[in-house]
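# Architecture at a glance
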Amino acid sequence: MLKTLLREIPSVDEVMRSDRLNQYLILYSKDLVAHSVRHVLGEIRNDIIVGKRFDTSAENIEIFVKKYLENILKPSIKKMVNATGVILHSNIGRALLCEEAADAVRTAAFNSVNLEFDMEKGERGDRNSHIEALVCYLTGAEAATIVNNNAAAVLLTLNTLAEGKEVIVSRGELIEIGGSFRIPDVINKSGCKLVEVGTTNRTRPEDYISAISNITALILKAHTSNYKVVGFTSSVSLKDLVIIGSKNNIPVIEDLGSGLLVDLSPYGFSSEPVVRDSLKNGADIVTFSGDKLLGGPQSGIIAGKKEYVHQINKNPLKRALRVDKLTIAAMEATLKLYLQPDKLYKKLPTLRFLTRPINEIEAVAKVAAGLLKKRLGHYYVVKVENGSSAIGSGSLPLESVPTKVVSIQHKTIPLEEIYSMFLNNNPPILGRVHKGKYLLDMRTIEKAEDVVIASLPYFQQPFT
Ligand SMILES: *Cc1c(COP(=O)(O)O)cnc(C)c1O
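These numbers were taken from a predicted model, which means no experiment stands behind them.

### Some words on the overall build of the protein chain
The helix and strand tally for the protein chain stands at 19 helices and 17 strands. Overall, the protein chain is about 80 × 55 × 55 Å in size when its C-alpha atoms are taken along their principal axes. Per-residue burial over the protein chain gives 48% buried out of 464 residues. Put simply, of all contacts in the protein chain between residues at least 6 apart along the chain, 74% involve residues at least 24 apart. Between the mean site of the 58 positive side-chain charges and the mean site of the 51 negative ones, the protein chain shows a separation of 3 Å.

Take a look at the structure:
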C-alpha cells in the first residue's frame, strides 16, 4: 500500500517538464527549479511515510513547487511601519539610522574605502581609528574600540581581562536581557568564574570586599536595564566600587547596556546613566550598545583606560567579533552628528522620537484618525486618545513617555483581526492591542498616511 503510494510520486524530470514551471526556467537557473522540485518531492515522500495523505497529481505538486520558489524569490527583509511607539523595538530592528549614516553606508557599500588604510603613511591602518577619537571626545574615555554588539563587548572584555579568574557581581545584577544574554552565562563563556555577592535586593560594600581573593580579576557592575528592584534595597555605587577596586588593584567594569551619550534630564529622563558619568566616576572600562539610545548601527562599544582597551584589541577573539566597513561608516556618521548638538535632536531618529513634542504627535494623530475613519467606514470607532510609549530594548525601563494614539474598535470584529488587517498591509503596519483596543502610537510615525491601510479586506468591502 505504502509502496504503491510512493510509486505515484513523479520523478524530478517529469515535474520539470511542466509548462507551468517554464516562467521560472526562463528567469532563473534550471538548478534552482530542480532543487525546489526535489525539496517538494522529498516532503511529499515524508508525508506519505508518516501516513499523511497527499495528492500526488502533477498539478498539485506544481502548486507546491511554485509556492516554494516564490518563498525563496520574494524579498525576506521588508519595510515595516512602526506604529508601536516603541522607539527601540528589538524585533523590528531597533534604532533607525540618520540620513548621514545611511549615506555613509551607501558610499562604503559601493566603493573601496580606507577601512584599514592609513592615508598619511600609505600603509595598513586600524579600523578603530575612524571612531575612536569621536568616542573619546564624547565620553571622556582614553581609548575605545568597536565590536559586533554589546554582548560581544562584554564577552571580549571579560575574556581579555579575567580569563581563568574570578569576576565579582552583585546578585541584584545577574540580569537577563532579551532571552539570550544572561550575565552568568556570558561570564562562563568568557572563561571566567562568577563570584556572586549580596542578595537580590541588597548588596553592601563589605560583600564585595569579603569576596576578593587572590584570583579576583574584575568587579563587574551591570546596569539593570530592563527592570528595577524597588522597596527595601541597596546597591553599591560605581564610585564606591572603584574605591574598593583601586585599594585591591582590581579593575572595575560597567556594562551600561544603552549608550546614552547626552544628558536627557532636560527632557525628563534621568534614570539612564550617561556614558561620560560612568567614566568620570572611575569605571576602568564601560561597554554599551551602538543601536540603543546612541541611535547608530548594531554594534558594541568598549571605552575606557588605554592599557585595557589595548589588551582587548590584541585578543585574538577581537578578530572574530570585529565589525565591517558598513557598520564603521554608519557609526562614524552617527557619532559626528553628536558634534552638532543643535542638529542632533532633529536629525537622529532615536532622539527625535524620544523628545518629540506632544502637540506634534497629536497633529499627526488627528490627520491619521481622519484618514482612517474614511478608509474604515462607519462600523469602526476611531479616536485620538492619550497613551504612553515604551522606549524598548531595556532602555529607560520605568519611564514611559506620554503620547497620542489612534485607537480603533469594531462592534464584532475581534482585535486580533484588526491587528492582522494592519499587519497584512503593504508595507505591514505594526500596532498593538491594549485594554480592549487596537492602538496606533503616533510617537514613531512621521507621516499620517503611513498608518492608513490601502484597502479593507474583501469581506469587509461595503456593498455597492
Ligand atoms: C542590551 C544590553 C546588553 C546586550 O546588548 P546587545 O547590543 O543587544 O548585544 C547587554 N547588557 C545590558 C545591560 C543591556 O542593556
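Next comes the rest of the description.
### Overview of the site of the ligand
The immediate surroundings of the ligand are formed by 13 residues, with Arg 94, Ser 225, Asp 255, Ser 289 and Lys 292 found nearest. Here an oxygen atom of the ligand and a backbone polar atom of Asn 150 are 3.0 Å apart. One of the side-chain N or O atoms of Asp 255 is found 2.6 Å from a nitrogen atom in the ligand. When the ligand sits alone it has 380 Å² of accessible area, and the protein chains cover 93% of it. Within the residue set of the shell around the ligand, elements represented by two or more residues are helix 8 (150-162) and strand 10 (252-258).

### Considering the sheet that holds strand 11 (residues 285-289)
Spatially, seven strands are ordered 4-12-11-10-9-5-8 in an open sheet, and the strand pairing comes out mixed. At either end of the open sheet lies a strand with only one pairing partner, and these are strand 4 (143-147) and strand 8 (193-197). Each adjacent strand pair in this sheet contributes to an overall mean axis angle of 25 degrees, direction not counted. Sheet analysis places strand 10 next to strand 11, joined by five bridges and oriented parallel. Looking at the pairing, Ile 253 lines up with Ile 285 of strand 11. Helix 7 (residues 129-139) contacts strand 4 and strand 12 (300-304) of the sheet and is inclined by roughly 125 degrees relative to strand 4. The strands that helix 13 (residues 306-314) touches are strand 4, strand 11 and strand 12; relative to strand 4, the one it contacts most, it runs at about 30 degrees.

### Description of the packing of helix 8 against helix 13
Relative to each other, helix 8 and helix 13 sit at 100 degrees, their axes nearing to 9 Å. If you check the angle between helix 8 and helix 13, you find them roughly perpendicular. Taking contact as the criterion, the partners of Leu 156, Thr 157, Thr 160 and Leu 161 in helix 8 are, on helix 13, Tyr 308, Gln 311 and Ile 312. A breakdown of the residues in the contact of helix 8 with helix 13 according to their chemical character gives four nonpolar, three polar and no charged.

### Points about the pairing of strand 4
The element strand 4 is largely enclosed, with a buried count of five among its five residues. Side-chain alternation along strand 4 places Ala 143, Thr 145 and Val 147 on one buried face and Ala 144 and Ile 146 on a second face that is also buried. Relative to strand 12, strand 4 runs antiparallel, the two sharing five bridges. Among the inter-strand pairings, Thr 145 is bridged to a residue of strand 12, identified as Ile 302.

### As for the nonpolar core
Within the largest apolar cluster, 60 residues are counted, with the highest numbers of intra-cluster contacts made by Leu 335, Tyr 338, Leu 351 and Leu 354. Each residue touching Leu 335, except ones within four places of it in the same chain, is listed here: Ile 131, Leu 134, Val 135, Leu 138, Leu 261 and Leu 294. In terms of nonpolar packing, the next biggest core, distinct from the first, is built from 29 residues, Ala 143, Val 154, Ile 183 and Ile 187 among them.

Rules behind the numbers
Residue numbers restart at each chain and count upward from 1, following the sequence in its written direction. Owing to the predicted nature of the model, reporting of local features is limited to residues with pLDDT of at least 70; listing and counting of side-chain atom pairs is limited to 80 or more, with chain, interface and lining totals taken over all residues. Hydrogen atoms and water are omitted, and side-chain values are computed over all heavy atoms in the structure. Here a helix means four or more residues in a row that DSSP labels H or I, a strand means two or more in a row labelled E, and each is numbered from the N terminus. Exposure categories follow from relative accessible area, calculated using a 1.4 Å probe and restricted to protein chains: below 20% of the type maximum is buried, above 50% is exposed, and the middle band is partly exposed. The contact criterion used throughout is that any non-hydrogen atoms of two residues lie within 4.5 Å. Two residue types count as positive, namely Lys and Arg, and two as negative, namely Asp and Glu; His and chain ends fall outside the count. Note on charges: their place is set at NZ of Lys, CZ of Arg, CG of Asp or CD of Glu. Any residue with a heavy atom lying within 4 Å of a molecule or strand is counted as near it. Polar contact criterion, stated in full: a pair of N or O atoms within 3.5 Å, where within protein one must be able to donate a hydrogen and the other to accept it, and residues adjacent in sequence count only if both atoms are side-chain atoms. Accessible surface area values rest on a Shrake-Rupley calculation with a 1.4 Å probe, where residue burial reflects the displayed protein chains alone. Two strands make a pair as long as DSSP finds a minimum of two bridges between them. Here the axes come from fitting lines to C-alpha atoms, over the contacting stretch only for helices, and the angles between their N-to-C directions go from 0 to 180 degrees. Oblique is the label for any angle not covered by the other classes, which are roughly parallel (under 35 degrees), roughly antiparallel (over 145) and roughly perpendicular (65 to 115). Under the grouping applied here, Gly and all other residues not named as nonpolar or charged are polar, the nonpolar ones being Ala, Val, Leu, Ile, Met, Phe, Trp, Tyr, Cys and Pro and the charged ones Asp, Glu, Lys and Arg. The nonpolar core is taken to be a set of buried Ala, Val, Leu, Ile, Met, Phe, Trp, Tyr and Cys residues, with the residues joined through side-chain atoms within 4.5 Å.

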